[in-house]
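# Results of the structural survey
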Amino acid sequence: MSPFERKFGKYAIRNLSVVLVVCYAIGYVLQIIQPEIVLFLSLNPYAILRGQVWRLVTWILIPPSESNIFFTLIMLYFYCSIGTTLERTWGTYRYNVYIFSGMLFTILGSFLMLAFCNVFLKDVIVGVGGPQVFYLAYSLAFSTYYINMSIFLAFAATFPEVSVLLMFIIPVKVKWLGIIYAVMLGVSFLTGDVVIKFAIGASLMNFIVFFFTSRNMMHLSPKQIHRRQEFKRDVRRGSSITKHKCAICGRTEVDSPNMQFRFCSKCNGNYEYCEEHLYTHTHVKG
């Protein structure tokens, strides 16, 4: 545990993915009531410097755009699920740092974009109607869409062998979907204009920083997860003895009395998993 976690860990928000989904839900309702409201909530650095400081927070309410309500609900459930899994694996504090650093990088990126455009794109800004019109039009590029992408990429890097059902039918390992999304983001970065480049680069900076500085933590094996969760729970509960404990999330029959626990016959060793991770974990071969 780092000194920062010891000092600030108590302030970490539990179930942060659920909180984000609730924010999106509020945003969807606001859009239904008043569709133009997103223009007053977006991350517009030009407007922020002129007193509209609420935009530093309200841009988080703007949900990823999706016209089909069914696919919207599926998408929100998916991101909530993988985010919750990452929080259980990394720990609440680490997951909070990951998400909030992504938001902070996005805010900083928007202001860097503002500075860059004011220096190098003055003629373009004047040509489209002035800075107020220009920055209002591009403010929606800095959204939670790329934050969600960073969550998915982190999940793919942490659990590369986990399979998901593409279109509810085709089983595909997450690592391949992560590679596809990374390529798509790379193409968007290379072909997009300068604003898109700043938006993508800033929003995904948290994934880049965490991946290259914490590669060992992002590739945790069930055995490592089991040891870490066991240590933390023993310290917190005074080394209480339990009969069952999941090697992925560390939950025991004390945490979830109705939860079923089973040993995996394909893992090399006595690894026990809860019913949620029995069929989704990476098998231990060595």
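Now for a look at the structure at hand. All values derive from a computational prediction rather than experimental measurement.

Bringing the overall build of the protein chain into the picture now. Looking only at helices and strands, the protein chain features 15 helices and four strands. A burial count over the protein chain gives 43% of its 286 residues as buried. For the protein chain, the proportion of contacts with a sequence separation of at least 24, taken over those separated by at least 6, is 61%. Total accessible area on the protein chain is roughly 16,100 Å²; 67% of this is exposed by carbon and sulfur atoms.

This part is about a nonpolar patch on the surface. On the surface, a nonpolar cluster with roughly 510 Å² of combined accessible area is contributed by Ile-69, Phe-70, Phe-71, Leu-73 and Ile-74. Here Leu-73 lies in helix α6 (residues 69-90).

For the coordinates displayed, the defined rule picks out four salt bridges. Of the charged contacts in the structure, one is a salt bridge between Lys-175 and Glu-161, with a shortest N-O distance of 3.0 Å. Here the residue Lys-175 occupies a position in helix α11 (residues 174-191), and Glu-161 occupies one in the loop between α10 (145-158) and β1 (163-166), the gap between them amounting to 14 residues. The exposure class assigned to Lys-175 is partly exposed, which follows from its relative accessible area of 26%. For Glu-276, the salt bridge identified is with Arg-251, shortest N-O distance 2.8 Å.

Within the structure shown, the criterion is met by 11 aromatic pairs. Note on Trp-90 and Tyr-98: the rings are 5.2 Å apart at their centroids and 75° apart in plane angle, and the pair reads as edge-to-face. Plain terms: the ring middles of Tyr-145 and Tyr-146 are 5.0 Å apart, the flat faces sit at 75° to each other, and that makes the pair edge-to-face. One Lys or Arg, Arg-50, reaches over the ring of Tyr-46 and ends 3.7 Å from the middle of that ring. In this arrangement the basic side chain of Lys-197 is found over the ring face of Phe-189, its NZ or CZ atom lying 5.9 Å from the centre.

This paragraph deals with the packing of α10 against α11. Two elements in contact, α10 and α11, have axes whose closest approach is 9 Å; the angle formed by their N-to-C orientations is 145°. The handedness of the crossing between α10 and α11 comes out as left-handed. The segment α10 lies against α11, with Tyr-146, Met-149, Phe-152, Leu-153, Phe-155 and Ala-156 engaging Val-174, Leu-177, Gly-178, Tyr-181, Ala-182 and Leu-185. Class assignment of the residues belonging to the contact of α10 with α11 gives a composition of 11 nonpolar, one polar and no charged.

So, on to the nonpolar core. Counting 49 residues, the largest nonpolar core has Leu-86, Tyr-95, Tyr-98, Ile-99, Tyr-135, Phe-142 and Phe-155 as its most contacted members. Once residues within four sequence positions are removed from consideration, Phe-142 is found in contact with Leu-43, Trp-59, Thr-106, Gly-109, Ser-110, Met-113, Val-195, Phe-198 and Ala-199. Counting residues in each nonpolar core, the second largest holds 13 residues, with Ala-247, Cys-249, Met-259 and Leu-278 among its members.

The set of residues buried in helix α13 (residues 205-213) consists of Asn-206, Phe-207 and Phe-210. The buried residues of α13 occupy an angular sector of 95° when projected down its axis, which confines them to one face. Seen from the open side of α13, the exposed residues pointing more than 90 degrees away from its buried face are Phe-212 and Thr-213.

Looking now at the side chain of Ser-203. Looking at where Ser-203 falls in the secondary structure, it is placed in helix α12 (residues 194-203). Of note is the side chain of Ser-203, whose polar atom sits 2.8 Å from the backbone oxygen of Ala-199. Residues in contact with Ser-203, not counting those within four places in the same chain, are Gly-102, Thr-106, Ser-143, Tyr-146, Ile-147 and Ser-150.

The next thing to look at is the environment of Glu-161. For Glu-161, a relative accessible area of 30% puts it in the partly exposed group. A sequence separation of 13 residues divides Glu-161 from Val-174, and the C-alpha atoms of the two residues are 6.4 Å apart. For Glu-161, the side chain forms a polar contact with the side chain of Lys-173, separated by 2.7 Å.

Tracing the backbone shows Glu-272 in strand β4 (residues 272-274). Spatially, the C-alpha atoms of Glu-272 and Ala-247 are 5.9 Å apart, while their sequence positions differ by 25 residues. Within the structure, Glu-272 has its side chain in polar contact with the side chain of His-244 (distance 2.6 Å).

About the thresholds
- Residues numbered from 1 in each chain as written.
- Predicted model: local features only at pLDDT ≥ 70, side-chain atom pairs only at ≥ 80, totals over all residues.
- Heavy atoms only, no water.
- Helix = DSSP H or I, 4+ residues; strand = E, 2+ residues; numbered from the N terminus.
- Buried < 20%, exposed > 50% of the residue type's maximum accessible area, 1.4 Å probe, protein only.
- Contact = heavy atoms within 4.5 Å.
- Areas by Shrake-Rupley, 256 points an atom, 1.4 Å probe, with all protein chains shown as cover.
- Patch = residues over 30% accessible without salt bridge, like charges linked within 9 Å, V, L, I, M, F, W, Y side chains within 5 Å.
- Salt bridge = Lys/Arg side-chain N within 4 Å of Asp/Glu carboxyl O.
- Phe/Tyr/Trp six-rings, centres within 6.5 Å; stacked < 30°, edge-to-face > 60°.
- Lys NZ or Arg CZ within 6 Å of the ring centre and 35° of its normal.
- Axes fitted to C-alpha atoms, helices over the stretch in contact; angles between N-to-C directions.
- Left-handed = near helix turned anticlockwise from the far one by under 90°.
- Nonpolar A, V, L, I, M, F, W, Y, C, P; charged D, E, K, R; others polar.
- Core = buried A, V, L, I, M, F, W, Y, C linked by side-chain atoms within 4.5 Å.
- Arc of directions from axis to C-beta.
- Polar contact = N/O pair within 3.5 Å; in protein donor to acceptor, adjacent residues only side chain to side chain.

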